[in-house]
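Topology and contacts: notes
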Amino acid sequence: MDKKMLPVGLDSFEKIRRLGYYYMDKTLLIQDVLTNRGDVNLFTRPRRFGKTLDMDMLRVFFEKTEEDTSVYFQDKKIWRCGSAYQAYQGKYPVIFLTLKSAKQPDFEMAYGALADEIYNEFMRHRYVLQSDALLPIEKERYENLLNRRADEKEVAKAFAFLSECLFKYHGKNTIILIDEYDVPLENAYFRGFYDKMIDFIRSLFESALKTNPYLERSVITGCLRISKESIFTGLNNLKVDSVLRTEYGDSFGFTESEVEAMLTYYDLAAELPEVKRWYD
């Protein structure tokens, strides 16, 4: 029997599952997000801990699409949790934003990279323009964002507006996923334009996560906890989980038992003593 390939460098959950790559089951993170977390959840972990793949897994699970994406989960742990969790699969509009492209030399380029990511998400959901649920003035505002004609203030409020449009189309609140939230802030700090970037990120987060009646739930990931300027000020529903905690240690990275299972699967059990030293 041929061994499954390792998904080195892949962070697309759908591609990994569809093409049959080896996948370490992290789907119980879905159960955790639904039952044990807040409305807004921040997970901080080091690089290469599988944060982006986990976020894409959440997107594929929750997002309502024409495709039956339940096939990617029916042999996974979340499906064995029963119908109470299966009922959430494929039922919500999802906004997914990655901020990693904002690692640029100045504010104008960093803002442009972030704006492009936001525009791309508006493009992904442009089907809402075909609905009579949106007023003509809302369609005009949507098209301004879609065609890059919106100013910085409008872009900062874009996700609050998009979630409203998605609610009017689907009749359900939106799940917002934000990956690598700290990249533009860390980069701006070292490049000398931190004040401009923190103002934009704070406005984006406040409108999308604090004063947004169309928010169902949000998950945010990053490497660092940015607290100096409190970009999460006022988010009473925020829960934070860092690498120093072990409560959700099996949702990111690999546990010792998972590494042992993977090495055994690939007939590399001889490497186990060396690997175990990493955990000691």
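Our subject is the structure listed above.
This write-up is about the structure you can find in this document. Because the structure is predicted, anything quoted here is derived from the model rather than measured.

This brings us to the packing of aromatic side chains. Two aromatic rings, taken as a pair, are described by how far apart their centres are and by the angle between their planes. Throughout the structure, instances matching the rule amount to 17 aromatic pairs. Ring plane angle 20° and centroid distance 6.0 Å describe the contact between Phe107 and Tyr111, whose orientation is recorded as stacked. With Phe107 and Tyr111 both in helix H5 (residues 107-124) and 4 residues apart, this pair spans about one turn of that helix. Comparing Phe107 with Tyr111, the two get one shared label, buried. In textbook terms, an aromatic cluster arises when at least three aromatic residues are bridged by ring pairs, as seen for Phe13, Tyr23, Phe61, Phe62, Phe73, Tyr88 and Tyr92. Taking NZ or CZ as reference, Arg141 lies 4.1 Å from the ring centre of Phe161, over its face. Over the face of the ring belonging to Tyr92 we find Lys172, whose NZ or CZ atom lies 5.1 Å from the ring centre.

What follows deals with the environment of Asp195. By secondary structure assignment, the location of Asp195 is in helix H10 (residues 194-210). Looking at Asp195, the relative accessible area reads 57%, which means it is exposed. Sequence separation of Asp195 and Phe107 is 88 residues, and the distance between their C-alpha atoms is 9.8 Å.

Right, let's get into the environment of Asp179. With respect to the secondary-structure elements, Asp179 resides in strand E3 (residues 174-179). Separated by 123 residues in the primary sequence, Asp179 and Asp56 place their C-alpha atoms 9.4 Å from one another. Leave out the neighbours within four places in its chain, and Asp179 touches Lys51, Thr52, Met55, Phe96, Leu97, Thr98, Leu99 and Thr221.

Among the nonpolar cores identified, the biggest contains 49 residues, and Met197 and Phe205 are the most heavily contacted of them. Among the elements that make up this core, the one with the highest residue count is H10 (9 residues). Ignoring sequence-local partners within four residues, the contact set of Met197 consists of Phe107, Ala110, Tyr111, Leu114, Pro184, Leu185 and Ala188.

The next subject is the packing of helix H6 (residues 136-146) against helix H8 (residues 158-170). Running from N to C, H6 and H8 cross one another at 130°; their axes reach a closest spacing of 11 Å. The orientation of H6 with respect to H8, classified from their angle, is oblique. Handedness of the crossing formed by H6 with H8: left-handed. Listed contacts from H8 to Glu138, Arg141, Tyr142 and Leu145 of H6 are Ala158, Phe161, Leu162, Glu164, Cys165 and Lys168. Of the residues that constitute the contact of H6 with H8, the class distribution is 6 nonpolar, no polar and 4 charged.

Below, the discussion takes up the side chain of Thr27. Position of Thr27 among the secondary structure elements: in the loop between helix H1 (13-18) and helix H2 (28-35). By relative accessible area, Thr27 is classed as buried at 0%. A distance of 2.6 Å separates the side chain of Thr27 from the side chain of Asp25, its partner in a polar contact. One polar contact links the side chain of Thr27 to the main-chain amide nitrogen of Lys77, over a distance of 3.5 Å. Beyond its immediate chain neighbours, meaning those up to four positions away, Thr27 contacts Met57, Phe73, Lys76, Lys77 and Ile78.

About the cut-offs
Residues numbered from 1 in each chain as written. Predicted model: local features only at pLDDT ≥ 70, side-chain atom pairs only at ≥ 80, totals over all residues. Heavy atoms only, no water. Phe/Tyr/Trp six-rings, centres within 6.5 Å; stacked < 30°, edge-to-face > 60°. Helix = DSSP H or I, 4+ residues; strand = E, 2+ residues; numbered from the N terminus. Buried < 20%, exposed > 50% of the residue type's maximum accessible area, 1.4 Å probe, protein only. Lys NZ or Arg CZ within 6 Å of the ring centre and 35° of its normal. Contact = heavy atoms within 4.5 Å. Core = buried A, V, L, I, M, F, W, Y, C linked by side-chain atoms within 4.5 Å. Axes fitted to C-alpha atoms, helices over the stretch in contact; angles between N-to-C directions. Parallel < 35°, antiparallel > 145°, perpendicular 65-115°, else oblique. Left-handed = near helix turned anticlockwise from the far one by under 90°. Nonpolar A, V, L, I, M, F, W, Y, C, P; charged D, E, K, R; others polar. Polar contact = N/O pair within 3.5 Å; in protein donor to acceptor, adjacent residues only side chain to side chain.

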